[in-house]
Amino acid sequence: MASDADDVVDHRPLIVAGSGIAGLSAAIYAGRSNNDPLVFEGDEPGGQLTLTTEVDNYPGFPEGISGPELVQNMKQQAERFGAEIKNGIIERVDGAERPFTVELANGDVYTADAVIAASGASARTLGVPGEDELMGYGLSTCATCDGAFFRDEKILVVGGGDAAMEEASFLTKFASTVYLVHRREEFRAEDYWIDRVMEQVDDGEIEIMRNTELTEIHGSKADGVDHVTLVENPEGHPTDKLDDPDTEEFDFDVGAVFYAIGHTPNTSYLEGTGVDLDDEGYLDTQGGEGGGQTATDVPGIFGAGDVVDHHYQQAATAGGMGVKAALDADDYLEELERSGQAETSGEVATAESD
Ligand SMILES: Cc1cc2nc3c(=O)[nH]c(=O)nc-3n(C[C@H](O)[C@H](O)[C@H](O)COP(=O)(O)OP(=O)(O)OC[C@H]3O[C@@H](n4cnc5c(N)ncnc54)[C@H](O)[C@@H]3O)c2cc1C
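Residues numbered from 1 in each chain as written. Predicted model: local features only at pLDDT ≥ 70, side-chain atom pairs only at ≥ 80, totals over all residues. Heavy atoms only, no water.

All right, on to the site of the ligand then. Inspection of the region around the ligand gives 33 residues, with Glu-41, Glu-44, Gln-48, Asn-57 and Ala-315 positioned closest. A distance of 3.5 Å separates an oxygen atom of the ligand from a polar atom in the backbone of Ser-119. The protein chains hide 96% of the 1000 Å² of surface that the ligand would expose on its own. Where the shell around the ligand is concerned, the elements lending two or more residues are helix 1 (21-32), helix 4 (143-146) and helix 7 (315-338). Considering only residue class, the shell around the ligand consists of 12 nonpolar, 16 polar and five charged. Counting contributing residues per domain, the shell around the ligand is built from domain 1 (5-123 + 263-338) and domain 2 (131-259), each supplying no fewer than three. (Near = heavy atom within 4 Å. Polar contact = N/O pair within 3.5 Å; in protein donor to acceptor, adjacent residues only side chain to side chain. Areas by Shrake-Rupley, 256 points an atom, 1.4 Å probe, with all protein chains shown as cover. Helix = DSSP H or I, 4+ residues; strand = E, 2+ residues; numbered from the N terminus. Nonpolar A, V, L, I, M, F, W, Y, C, P; charged D, E, K, R; others polar. Domains from an automatic or database assignment.)

Spelled out as structure tokens, the structure:
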């Protein structure tokens, strides 16, 4: 997509996709480096931390801090250094020409010399009743983050892959019992994790509910999760067999529910850049040309936070990576300026055009 200069709302040295912890950390540093960053918030302003009431493990807050408050503080800090934070979902970045063309879902077009992708990874959910109301109030998608809030409670974990096994195993530190709900008979996790969970089943710490699916979560914001509704069929995938006489529906008391059914990295807007993704769709940053650890294989595009990192996925690590991306982008922009290429258009040999 070549943009007509008349259609461009604004040109910036740096555009940041996402106002989660990674994007805002990048914006603080980029503002202080005089890179005049423009941050687009996407459809979840403030990112995943706005879904949680209490963040107890972000360094610097001995009594903990609410997710929305932490994000708000970071926004103010970024704005203090000149960052502009705007509503807007980036629909497409074009890397065929420089500067990059950044098109929003509302049709507005911007250009930028560099782009930091800090667009996170969305935890997959089931879409069952009770989910929206109780997310952050007894329902969570992050055991490392929220497990400690449910000491001595019965905890239900949904999933059958490595992540579910790991989360179930981790949650035994806190739970009275962990119930691992899986819709099939067989798990698709690695043998290592299955063996480890089976040891904890033998020890009475984990109970497995095979061929079972969650269909509703009951509770309130005030009191958290009270119980769930489950369906079970001996042949598996019970929600596909609700009319089968062998399908049994029952209520089950639990104090918390954790989803561990995977994440989807938010990268679709980068398709037109030809940037490399790994097998699971996460952005590949390899410390490419120009140095630094957040450079992608497309010069000028940097990645930070959960959209890159499928291992740690923590606020502090995402923030750290946002800082690195801003510093790497600053090096890139300085080099661009030295070589006289900033704010110039033209074919870029290394990027693909569609
Ligand atoms: C319920 C819950 C509780 C958690 N609790 C903790 C905790 O206590 N401690 C901890 O360390 N971590 C916690 N985490 C994990 C932590 O929230 C994430 O690791 C962190 O938010 C990742 O930051 P990020 O900036 O990479 O991505 P995100 O927070 O996911 O932010 C991504 C941003 O990108 C935007 N975006 C997406 N697509 C586009 C687009 N096309 N255009 C523009 N913008 C876009 C989104 O709107 C959002 O603003 C929790 C996560 C959840 C879900």
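Now for the domain arrangement of the protein chain. Segmenting the protein chain into domains produces domain 1 (5-123 + 263-338) and domain 2 (131-259). For domain 1 and domain 2, the distance between their C-alpha centroids amounts to 33 Å. A combined buried area of about 630 Å² lies between domain 1 and domain 2, and 55% of that area is made up of carbon and sulfur atoms. One can count zero residue pairs in polar contact (both at pLDDT 80 or more) joining domain 1 with domain 2. Residue composition of the side of domain 1 that touches domain 2, grouped by class: two nonpolar, four polar and two charged. (Buried area = accessible area lost by both parts, 1.4 Å probe.)

Looking now at the sheet that holds strand 10 (residues 177-181). Ordered in space as 8-15-9-10-11, the five strands form an open sheet in which the pairing is parallel. Both edges of this open sheet fall to strand 8 (139-140) and strand 11 (206-209), since each of them pairs with a single strand only. As judged from the four bridges shared by strand 9 (residues 154-158) and strand 15 (residues 256-259), these two strands associate in the parallel manner. The partner of Val-158 across the bridge, within strand 15, is Tyr-259. Against the sheet, helix 6 (residues 191-202) engages strand 10 and strand 11, with an angle of about 110 degrees to strand 11. (Pairing = 2+ DSSP bridges. Contact = heavy atoms within 4.5 Å. Axes fitted to C-alpha atoms, helices over the stretch in contact; angles between N-to-C directions.)

Let us now look at the pattern of salt bridges. Applying the stated criterion to the full structure yields seven salt bridges. Of the charged contacts in the structure, one is a salt bridge between Glu-41 and Lys-75, with a shortest N-O distance of 2.9 Å. Here Glu-41 is found in the loop between strand 2 (38-40) and helix 2 (67-80), whereas its partner Lys-75 is found in helix 2, with 34 residues between them in sequence. For the residue pair Glu-41 and Lys-75, the accessibility class agrees, reading buried in each case. Close ionic contact of Glu-84 with Lys-86 constitutes a salt bridge, the shortest N to O distance being 3.6 Å. Its relative accessible area of 29% is what places Lys-86 among the partly exposed residues. A cluster of three or more residues bridged by salt bridges with shared partners is formed by Asp-10, Arg-12, Asp-36, Glu-84 and Lys-86. (Salt bridge = Lys/Arg side-chain N within 4 Å of Asp/Glu carboxyl O. Buried < 20%, exposed > 50% of the residue type's maximum accessible area, 1.4 Å probe, protein only.)

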